[in-house]
Amino acid sequence: ERMEVAGEGALLALLAKTKARLEAEGLFAPERKRPLPFLPGNTDFSYLPGPSREEKLRTIAVSRLVLDNFPHIKGHWVMLEEDVTQEGLRYGLDDLSGTLVEERVAHATTVQTPMGLTRDRISELIRAGGRVPVERNTTYGRVDREAVSA
C-alpha cells in the first residue's frame, strides 16, 4: 500500500499508522530497535549524502516522541559522532553504546569516528550532555564496580 505524506500533521499520522501496523505484526519490539543514521559510504548507495547533524538530532527527537513504548532510546556514538551523541542526550537519547575495543562495521562505511572510546571518555560525553553517567548491564540494572570487585 502506497502512503503519501504532505505536511507535518500527515507525517505524524503516517508514523502512528506505521507504528500500529508494526505492533500488530509483532515487529515493534523495543529490544530490537535503535535509531541509526544511514551511512552510504562504501555501499551501492555511496552517491547519496548521509544525514546532516540536524537530521540525526531530529531522528532522535522523533524517536523519543513516537516510540513511547520504548523505555530507552539508544545512541550508537560510532555512527552519530561524539558531538551529535552528546547533544542527542538533550534530544531523547538515554543510552549510549558502550566502550569498544575496535569497531569495524560502521568504519567500513567510511565514518570518521574513533575505533573505540574509553569508559572515561564516554562519561565525559555524558556529563557534557547534561546527564549523569551510570553503567548498566544488559537488563538495565545498575552496575556497581566496587561491589563486583569485592
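Residues numbered from 1 in each chain as written. Predicted model: local features only at pLDDT ≥ 70, side-chain atom pairs only at ≥ 80, totals over all residues. Heavy atoms only, no water.

(A) Summary view of the overall build of the protein. When you go through the protein residue by residue, the secondary structure sums to 6 helices and 2 strands. Moving toward the C terminus, one meets the helices and strands of the protein in the order α-α-β-α-α-β-α-α. Expressed as a percentage of its 150 residues, the buried residues of the protein come to 30%. Once local pairs closer than 6 in sequence are excluded, the contacts in the protein between residues at least 24 apart make up 52%. (Helix = DSSP H or I, 4+ residues; strand = E, 2+ residues; numbered from the N terminus. Buried < 20%, exposed > 50% of the residue type's maximum accessible area, 1.4 Å probe, protein only. Contact = heavy atoms within 4.5 Å.)

(B) Spotlight on the pattern of salt bridges. Under the criterion given, the structure shown has 7 salt bridges. A salt bridge links Arg53 to Asp83, with the shortest nitrogen-to-oxygen separation between them at 2.5 Å. Of this pair, Arg53 sits in helix H2 (residues 53-66) while Asp83 is found in helix H4 (residues 82-88), placing the two residues 30 residues apart along the sequence. Judged by its relative accessible area of 32%, Arg53 falls in the partly exposed class. Residue Glu124 is joined to Arg121 by a salt bridge in which the shortest nitrogen-to-oxygen separation is 3.0 Å. Here the residue Glu124 and the residue Arg121 both occupy positions in helix H5 (residues 119-128), the gap between them amounting to 3 residues, near one helical turn. Residue class for Glu124 comes out partly exposed when judged on its relative accessible area of 42%. When salt bridges that share partners are traced, they join Arg53, Asp83 and Glu87 into one network. (Salt bridge = Lys/Arg side-chain N within 4 Å of Asp/Glu carboxyl O.)

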